[in-house]
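# Examining the three-dimensional arrangement
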Amino acid sequence: MAKMTKRQQAIAAKIDRERLYTVDEALATLRELGELTKFDETIEVAMNLGVDPRHADQMVRGMVSLPSGTGKDVRVAVFARGDNAQKALDAGADKVGAEDLMEDMQAGNVDYDRVIATPDMMGVVGRLGKLLGPKGLMPNPKLGTVTPNVAQAVKDAKGGQVEFRVEKQGIIHSGIGKMSFADDALKANFRALTDAVVKAKPAGAKGKYVRKVSLSSSMGPGLKLDLAEVEGA
């Protein structure tokens, strides 16, 4: 068995893997462990759900605005022409275009966190399906990323709106802010995310929906939370 590093030993001494933490207790523990790192870690939530996303009626996906923001610089590309292109630029989009943007992405420049399009641009965007789809970047009307109101969509993306999507194993992972955020800010983001996931319960979900929730930091362990912390669990 590999010998534990000093950091691993410090973590092991401070946590109880069997304990169910409150959000306050988990944040306090992660902050204590975070003193051992040299950067502003991301605080992350993992939710194990009682769904099988291979079935269309058990897919869990949506958008939620985190009231305290993400602490992350979100890069946004917008497919639009004319007035809408200017509105997207004015709202803070990092890149705006039409066929030229499509060709830029086909050349490998896809370093974006969100791609937005006006409805009339979907003929162009559709040609990028095999490129954007696997990255989870394909504009989608249900997520508000295909919209005539590109200015609002850009502001939402830049202001703390995040997408959540269940993975093959039935788990949703999402960052809810940085270690440097105040506890109240992180708790508000936690509540917004978990409430949105609970409300997104699909019709095909059977039995217990929220099975396990944990809180972690970029370099820290996952701390299991008491499910009473998630309304409706």
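Located above this text is the structure these notes cover.
What this report covers is the structure whose coordinates are included nearby. (Residues numbered from 1 in each chain as written. Predicted model: local features only at pLDDT ≥ 70, side-chain atom pairs only at ≥ 80, totals over all residues. Heavy atoms only, no water.)

## So, the overall build of the protein
When you go through the protein residue by residue, the secondary structure sums to eight helices and nine strands. Projecting the C-alpha coordinates of the protein onto the three principal axes gives extents of approximately 60 × 45 × 40 Å. Within the span of the protein, comprising 233 residues, buried residues form 47% of the whole. In the protein, the share of contacts with a sequence separation of at least 24, taken over all contacts with a separation of at least 6, comes to 72%. As displayed, the protein offers around 12,100 Å² of accessible surface, 49% of which is attributable to carbon and sulfur atoms. The centroid of the 34 positive side-chain charges in the protein is displaced by 5 Å from the centroid of its 31 negative side-chain charges. (Helix = DSSP H or I, 4+ residues; strand = E, 2+ residues; numbered from the N terminus. Buried < 20%, exposed > 50% of the residue type's maximum accessible area, 1.4 Å probe, protein only. Contact = heavy atoms within 4.5 Å. Areas by Shrake-Rupley, 256 points an atom, 1.4 Å probe, with all protein chains shown as cover. Lys, Arg positive; Asp, Glu negative; His and termini not counted. Charge placed at Lys NZ, Arg CZ, Asp CG, Glu CD.)

## Observations concerning the nonpolar core
Ranked by internal contacts, the top residues of the largest apolar core, which has 38 residues, are Leu49, Phe190 and Leu215. Where this core is concerned, the elements lending two or more residues are helix 2 (23–34), strand 1 (42–49), strand 6 (161–165), strand 7 (171–178), helix 8 (183–199) and strand 8 (210–217). It is helix 8 that contributes the most residues to this core, eight residues altogether. (Core = buried A, V, L, I, M, F, W, Y, C linked by side-chain atoms within 4.5 Å.)

## Topic: the pairing of strand 3 (residues 76–79)
Burial along strand 3 is two-sided: Val76 and Val78 facing one way and Ala77 and Phe79 facing the other are all buried. Of the strand pairs in this sheet, strand 3 and strand 5 (residues 114–117) are connected by four bridges, and their pairing is parallel. Considered in strand 5, the bridge of Val76 is made with Arg114. Alignment of strand 3 against strand 4 (residues 95–97), held across three bridges, turns out to be parallel. Residue Phe79 lies in a different strand from strand 4, and its bridge partner there is Gly97. Following the backbone out of strand 3, through helix 3 (residues 82–90) and into the adjacent parallel strand 4, one traces a crossover that is right-handed. (Pairing = 2+ DSSP bridges. Right-handed = clockwise from strand over helix to strand, strands pointing away.)

## Observations regarding the environment of Val125
Tracing the backbone shows Val125 in helix 5 (residues 122–125). In sequence terms Val125 and Pro139 are 14 residues apart; their C-alpha atoms lie 8.1 Å from each other.

## Thoughts on the sheet that holds strand 4
The three strands are arranged 4-3-5 in an open sheet whose pairing can be described as parallel. Each edge of the open sheet is held by one strand with a lone partner, namely strand 4 and strand 5. On average, each strand axis in the sheet is inclined to that of its neighbour by 15°, with strand direction left out of account. Strands strand 3, strand 4 and strand 5 of the sheet are contacted by helix 4 (residues 99–106), whose axis makes an angle of about 135° with strand 3. Contacts between helix 7 (residues 150–159) and the sheet are confined to strand 3 and strand 5, with strand 3 contributing the most and set at about 165° to the helix. (Axes fitted to C-alpha atoms, helices over the stretch in contact; angles between N-to-C directions.)

## Focus on the pattern of salt bridges
Considering all chains together, one arrives at 11 salt bridges under this definition. Among the salt bridges present, the one from Glu163 reaches Arg61, with a minimum N-O distance of 2.6 Å. With Glu163 in strand 6 and Arg61 in strand 2 (residues 61–65), this pair connects stretches of sequence that are 102 residues apart. The partly exposed category is assigned to Glu163, whose relative accessible area is 25%. Taking the relative accessible area as the measure of exposure, Arg61 reaches 27% and is therefore partly exposed. Here Asp113 ties to Lys72 by a salt bridge, and the two come within 3.3 Å at their closest N and O atoms. With Asp113 in the loop between helix 4 and strand 5 and Lys72 in the loop between strand 2 and strand 3, the pair connects residues that are 41 residues apart, well separated along the chain. Overlapping salt bridges bring together Arg75, Asp94, Asp111 and Lys158 as one network. (Salt bridge = Lys/Arg side-chain N within 4 Å of Asp/Glu carboxyl O.)

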